[in-house]
Each structure stands twice: as structure tokens, then as C-alpha cells.
Amino acid sequence: MKYGLLVMSCVLTLSACSGPSREEQHRMEMLRAQQAEQAALAAQQEAALREQRITLRTAQAEKAWQRQNRLSTKQINSLFSSNAENSFSAGGTYFIKFELQAAKYNYSAKKQSFTIVGMRNLPNSADYSPLFPDDEAMYQPGQQAKSVLEFTLKEDTEENRLGQQVLRDRGQRWVAAMLNFKTYGILTNNDAEWLWEPGLFEDISWQTTPEAAYPYTSARSVVLQLGVRLCTLERCYLDTEYRKHPTHAVRAEVVSATVGDRKSKKILAQFIREAE
């Protein structure tokens with residue numbers, strides 16, 4: 001009797017150690033195949049949505065460029081008023097333009113660089129941490145604040161002796177602040193000849209010949225059109241100070257960046273945000 005129980009115990013042990021049955025293996029294979037099919041379908045759907053976003057945002061940017069659409073002074077005033085949430089669509093794209101100031105042609109690097117007039121580059125900006133909090137900073141000692149770009153929307157100006165409009169003494173500033181798309185890779189480049197410069201003194205460069213760049217740089221007609229989404233929630237506003245100038249900031253997200261020639265209306269380069 002004991003011998004029979006011992007044999008039975010060994011058989012059960014061997015059965016348990018022999019692994020899953022053929023039916024169980026078949027079921028697991030079917031499950032893995034189903035999961036792989038679902039993952040492939042999800043990837044295809046996401047790729048299709050991404051292409052739709054790129055197509056839509058490209059079309060919006062081109063339409064705004066052709067029609068010269070841009071935020072008006074009235075809209076900017078409304079953006080910093082108590083009525084902002086009712087005046088601006090949460091998912092809408094709004095366009096602002098900035099002059100591109102050409103640097104001297106760089107013959108060694110074979111490129112023409114530009115600086116965005118009206119933009120401040122703020123690497124590791126502690127001032128804007130309330131608008132762009134970094135949750136990881138609470139867990140990683142030495143974590144730096146995020147890099148932010150600040151774009152001037154409106155300023156209190158006055159005319160100087162040369163007849164130029166300049167920021168008056170202690171004049172107020174109204175700006176849009178967004179994550180540094182020059183370094184964070186937020187925008188996808190549609191033209192390999194154009195690239196963002198991560199440094200503080202140059203913002204964007206065109207890898208071209210001096211002959212090709214000259215008609216645009218000599219006319220000083222190159223501009224940058226930014227398509228942005230504006231956050232009008234209370235937490236998206238911040239009052240700070242820059243060189244004794246009271247500064248009122250609103251958080252924004254870049255959707256597109258278009259480089260073009262104001263004189264000929266020609267688009268030179270486009271950068272589009274692929275992510276939602």
C-alpha cells in the first residue's frame with residue numbers, strides 16, 4: 001500500500017514538473033498572438049492620428065501665413081483679463097509673429113543664423129517653475145528647473161530721441177511662456193536645411209549658401225510665425241519682474257513654427273508638433 005502511494009506521488013510530481021499541457025501552451029500562444037495583434041492595431045491607429053494632427057496643423061499654419069492671421073492687441077488685452085477663459089478656445093491655435101534678426105554669415109559652418117526678436121531664452125528658469133513644475137525635482141536631489149522661452153506680446157513703450165518705440169522706464173510687459181522647443185525636441189523639422197540652435201545668442205540657422213541667404217537677410221524680411229495653444233486657467237498665469245519691469249505671463253504650448261519671408265510671402269521652413 002505504501003509502495004503504491006509512493007508511486008502515485010512520484011507520478012504526480014513528474015506531471016507537475018513536466019510544464020503546461022499542450023492545450024495550455026496552445027492557449028498561451030493564441031493569447032500572445034492576440035496581444036501582438038492588438039498592439040499593432042493600436043500603433044496603426046496612433047500613427048493615423050499623428051498624421052492627421054500633422055496635416056491639420058500644417059494646413060492651419062499655412063492658412064494663417066497666407067492670411068496674415070495673428071493675435072491682435074484687443075485679443076492680447078482679453079487674454080490677460082478676467083474674461084480670458086470665455087474668449088479663448090482651450091484647444092484652439094493662435095498665431096503670433098516675430099522678426100528674425102540675421103547674424104553675419106558663418107562661412108566655416110556654412111550657415112546663416114538668426115535671433116528671434118522679442119524672445120528671452122531662460123535655461124533652468126526658477127522664476128517660471130510655478131508654470132512648468134517638475135515633479136521629478138522632488139525626488140532627485142540637484143534636479144534643475146526647466147528651460148523656458150518667453151515671447152513678448154505687448155509692452156508699455158515710449159518714443160525715444162531717435163523716434164523709436166522703446167520699453168519705458170518700469171513699463172509693464174505681457175508675455176507668453178512656453179517650454180524650450182529649441183532643446184526639448186517638441187517640434188518635428190520638415191526641412192533638414194533648418195535647425196534650432198540650443199544656445200543663448202542664436203536661435204535658428206539655415207544651412208545654405210551666402211548667395212541664397214542674401215536676398216532675405218538684406219531685405220530684413222524673414223519672420224517667425226508661432227502657432228500656440230493658450231492656457232487661460234488661473235494656474236497658468238504668473239506675475240514676475242524683469243529688470244524692474246512688472247511682467248505678466250501666460251502659459252502657452254507651441255503647435256507649429258513657420259519661417260517665412262514677409263516680402264515674397266514664401267514659406268522657408270516649417271516645424272510641426274506631432275504629439276497631442
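The structure we're discussing is the one just above.
Per chain, residues are indexed from 1 in the order of the written sequence. Local features in this predicted model are restricted to residues of pLDDT 70 or higher, and side-chain atom pairs are both shown and tallied only at a pLDDT of 80 or more, whereas totals for entire chains, interfaces and linings draw on every residue. Each side-chain value is derived from all of the structure's non-hydrogen atoms; neither hydrogens nor water enter the calculation.

Student: Describe the state of the cysteines, with residues and values.
Tutor: In what follows, a disulfide is any cysteine sulfur pair within 2.5 Å. The final tally for this structure, using the stated rule, is 1 disulfide. In this model, cysteine 231 is linked to cysteine 236 through a disulfide, with the two sulfur atoms separated by 1.9 Å. Because the torsion about its S-S bond is 55 degrees, the bridge between cysteine 231 and cysteine 236 counts as right-handed. Think of it in three bands: with a 1.4 Å probe and only protein chains considered, a residue is buried below 20% of the maximum accessible area for its type, exposed above 50%, and partly exposed in between. On the basis of relative accessibility, which here comes to 5%, the residue cysteine 236 falls in the buried class.

Student: Provide a residue-level description of the pairing of strand 13 (residues 245-261), including the pertinent values.
Tutor: With 14 of 17 residues buried, strand 13 lies mostly within the body of the structure. Sheet analysis places strand 7 (residues 173-179) next to strand 13, joined by 5 bridges and oriented parallel. Across the sheet, residue arginine 173 finds its bridge partner in strand 13, namely threonine 247. A pair of strands is considered paired only if DSSP assigns at least 2 bridges between the two. The helix count covers DSSP runs of H or I at least four residues long, the strand count covers runs of E at least two residues long, and both are numbered beginning at the N terminus. Sheet analysis places strand 11 (residues 222-230) next to strand 13, joined by 9 bridges and oriented antiparallel. Counted as the bridge partner of glutamine 225 is threonine 258 from strand 13. Two elements, strand 12 (residues 237-242) and strand 13, share 6 bridges in a ladder whose sense is antiparallel. Following the sheet pairing, tyrosine 242 is matched in strand 13 by histidine 245. As consecutive antiparallel partners, strand 12 and strand 13 are separated by 2 residues, and within that stretch arginine 243 has a phi angle of approximately 50 degrees, a positive value. Between strand 13 and strand 14 (residues 267-273), which pair antiparallel in sequence order, lie 5 residues; one of them, lysine 265, sits at a positive phi of approximately 65 degrees.

Student: Tell me about helix 5 (residues 210-219), and please be specific about residues and values.
Tutor: Listed in full, the buried residues belonging to helix 5 are Ala213, Tyr216 and Thr217. Projected down its long axis, helix 5 shows its buried positions confined to an angular sector of 95 degrees, all on one face. Set apart from the buried face of helix 5 by more than 90 degrees, the exposed residues are Glu211 and Tyr214. Whether two residues touch is decided by their heavy atoms; if any such pair falls within 4.5 Å, the residues are in contact. Buried residues along helix 5 sit against strand 1 (94-102), strand 2 (112-116), strand 10 (204-206), strand 11, strand 13 and strand 14. One or two residues past the end of helix 5 sits arginine 220, with phi positive at roughly 50 degrees. This arc is taken over the directions from the axis of the helix to the C-beta atoms.

Student: Describe in detail unusual backbone geometry, supporting the description with residues and values.
Tutor: At arginine 243, a position not held by glycine, the phi torsion is positive, near 50 degrees. One can find arginine 243 in the loop between strand 12 and strand 13. With phi around 65 degrees, lysine 265 is a residue other than glycine that occupies positive phi space. By secondary structure assignment, the location of lysine 265 is in the loop between strand 13 and strand 14. Assessed through its relative accessible area of 38%, lysine 265 is described here as partly exposed.

Student: Any details on the pattern of salt bridges? Residues and values, ideally.
Tutor: A side chain with one charge can pair with a side chain of the opposite charge if their charged atoms come near. Criterion for a salt bridge: a side-chain nitrogen of Lys or Arg within 4 Å of a carboxyl oxygen of Asp or Glu. Inspection of the entire model under this criterion finds 11 salt bridges. Note that glutamate 274 is salt-bridged to arginine 50, the shortest N-O span being 3.8 Å. Highlighted residues: glutamate 274 in the segment after strand 14 and arginine 50 in helix 2 (residues 22-67), separated in sequence by 224 residues. As a salt-bridge pair, glutamate 253 and arginine 229 come within 3.0 Å of each other at their nearest N and O atoms. Of the two residues, glutamate 253 is situated in strand 13 and arginine 229 in strand 11; the sequence distance between them amounts to 24 residues. Judged by its relative accessible area of 30%, glutamate 253 falls in the partly exposed class.

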